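As a plain string of letters, each chain reads:
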Amino acid sequence: MQLHLWAARGASGCTNLTAVTDVTKPSESSQKLSECTELNFVTCGSVVKLLNVKHNVRLHSHDVRYGSGSGQQSVTGVSAVEDSNSYWSVRGTSDALCHRGTPVKCGQTIRLTHVNTGRNLHSHYFASPLSSNQEVSAFGEEGEGDHLDEWTVQCGGAVWKREEAVRFHHRATDALLSVTGEQYGRPIHGQTEVHAMSSPSQHSLWKAMEGIFMKPSESPAGSREYSHPHTEF
């Protein structure tokens, strides 16, 4: 699932972006997204890159499978800023929809879906290849996996703020998304292992960086109305 973006500056000073999947130019089926500097929190439906604050790597995946453990699609950290394989969409769970444009609350459980492959950030009790911590992989098809794709956002206030370092708690195994610096050799030379660990530390702090942050719109009557006919994402 490829994400292509076209940007146009609107009268409000926001950047309106057209997101098109698996095509080469905008079409009637395009989704209109909004990226505004005044939006200082992460919202449902946003497409973001996540930076591990301690190790300065972005959460990344690609269609390369682990040679051990689960054999599922690998998840790594990369230092490169400009890499489309580091985009993740913020989505609700199968039991709790995440309405587009609404702020993600501290304590809310979400799924993070890798945009280019359609697989969800996932963890389980397999050992990670380098550190033998808990393996983190990408799992599922077209955004649908299982309960092991669910992560709770841990942050200090009411909502997940863009400038705040947060943690992602894996509900099923009670572990935290982490990086401790181990690097792979071939075929993903120089990329960093991402795994899950039971104890919070500086290794498990993440921050939302580049991305498209969905913004709710106001209806003429003053009630909240969202920019898409289908509000679940």
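Conventions we followed
Residues numbered from 1 in each chain as written. Predicted model: local features only at pLDDT ≥ 70, side-chain atom pairs only at ≥ 80, totals over all residues. Heavy atoms only, no water. Phe/Tyr/Trp six-rings, centres within 6.5 Å; stacked < 30°, edge-to-face > 60°. Buried < 20%, exposed > 50% of the residue type's maximum accessible area, 1.4 Å probe, protein only. Lys NZ or Arg CZ within 6 Å of the ring centre and 35° of its normal. Disulfide = S-S within 2.5 Å. Helix = DSSP H or I, 4+ residues; strand = E, 2+ residues; numbered from the N terminus. Core = buried A, V, L, I, M, F, W, Y, C linked by side-chain atoms within 4.5 Å. Contact = heavy atoms within 4.5 Å. pLDDT = per-residue confidence, 0-100. Pairing = 2+ DSSP bridges.

Colleague: What is the right way to read the packing of aromatic side chains from this model?
Modeller: For any pair of aromatic rings, the description rests on two quantities: the centre-to-centre distance and the angle between the ring planes. If you walk through the whole model with that rule in mind, you get 1 aromatic pair. Ring geometry for Trp 160 against Phe 168: centres 5.4 Å apart, planes inclined by 75 degrees, an arrangement best described as edge-to-face. Pair check on accessibility: Trp 160 and Phe 168 agree, each one buried. Lys 49 extends its terminal NZ or CZ atom over the ring of Tyr 87, reaching a point 4.7 Å from the ring centre.

Colleague: Looking at this structure, how should I read the state of the cysteines?
Modeller: Every disulfide links exactly two cysteines, by a covalent bond between their sulfur atoms. Summed over the entire model, instances satisfying the criterion amount to 2 disulfides. Disulfide pairing is shown between Cys 44 and Cys 98; the S-S distance is 1.9 Å. Looking along the S-S bond of the Cys 44-Cys 98 disulfide, the torsion reads about -80 degrees, which is the left-handed sense. Of this pair, Cys 44 sits in the loop between strand 3 (31-35) and strand 4 (47-52) while Cys 98 sits in the loop between strand 7 (88-91) and strand 8 (109-114), and the two are 54 residues apart along the sequence. Cys 98 gets classed as buried once you look at its relative accessible area, which sits at 2%. Between the sulfur atoms of Cys 106 and its disulfide mate Cys 155 the distance is 1.9 Å. An S-S torsion of about -120 degrees defines the bridge between Cys 106 and Cys 155 as left-handed. Residue Cys 106 is located in the loop between strand 7 and strand 8, and its partner Cys 155 is located in the loop between strand 11 (151-154) and strand 12 (167-170); the two are separated by 49 residues in the primary sequence.

Colleague: Please explain the nonpolar core as it appears in this structure.
Modeller: Side chains of nonpolar character tend, in soluble globular proteins, to be buried together. Membership of the largest hydrophobic core comes to 34 residues, with the highest contact counts inside it found for Leu 50, Leu 59, Val 75, Leu 121, Trp 160, Phe 168 and Leu 177. Elements with a minimum of two residues in this core: strand 4, strand 5 (57-65), strand 7, strand 8, strand 10 (134-139), strand 11, strand 13 (175-178) and strand 16 (206-212). Setting aside residues no more than four positions away along its own chain, Val 75 makes contact with Leu 59, His 60, Ser 61, Tyr 66, Trp 88, Leu 121, Val 136, Ser 137, Ala 138 and Val 194.

Colleague: Help me understand the environment of Leu 148, please; the structure alone is not making it clear to me.
Modeller: On the secondary structure map, Leu 148 appears in the loop between strand 10 and strand 11. For the pair formed by Leu 148 and Asn 120, sequence separation is 28 residues and the distance between their alpha carbons is 9.2 Å. If sequence neighbours within four positions are ignored, Leu 148 has contacts with Leu 121, His 122, Ser 123, His 124, His 170 and Ala 172.

Colleague: When you look at unusual backbone geometry in this model, what are you seeing that I'm missing?
Modeller: Glycine aside, residues mostly have negative phi angles, and peptide bonds mostly take the trans form. That bond from Arg 186 to Pro 187 is cis: its omega, 5 degrees, falls within 30 degrees of zero. Here Pro 187 is to be found in the loop between strand 13 and strand 14 (192-193). Although it is not a glycine, Ser 132 adopts a positive phi angle of roughly 60 degrees. Note on placement: Ser 132 falls in the loop between strand 9 (120-127) and strand 10. Here Ser 132 falls in the exposed class, since its relative accessible area comes to 55%.

Colleague: I tried to follow the confidence of the model for the chain on my own but got confused; where do I start?
Modeller: Detail in the predicted coordinates should be disregarded across regions flagged by low pLDDT. With 76% of its residues at a pLDDT of 70 or more, the chain has an overall mean of 82. A low-confidence stretch, residues 1-37 (pLDDT under 50), is modelled with 84 contacts involving residues beyond four sequence positions or located in other chains.

Colleague: What should I look at first to understand the pairing of strand 12 in this one?
Modeller: The side chains of a regular strand alternate, residue by residue, between the two faces of the sheet. Taken together, the 4 bridges between strand 11 and strand 12 define a ladder with antiparallel strand orientation. Each residue of the ladder has a partner; that of Trp 151, found in strand 12, is His 170. Strand direction decides the pairing type here: strand 12 and strand 13, joined by 2 bridges, are antiparallel. By the bridge assignment for strand 13, His 170 is matched with Ala 175. Between the end of strand 12 and the start of strand 13, which pair antiparallel, lie 4 residues, with Asp 174 showing a positive phi angle near 60 degrees.

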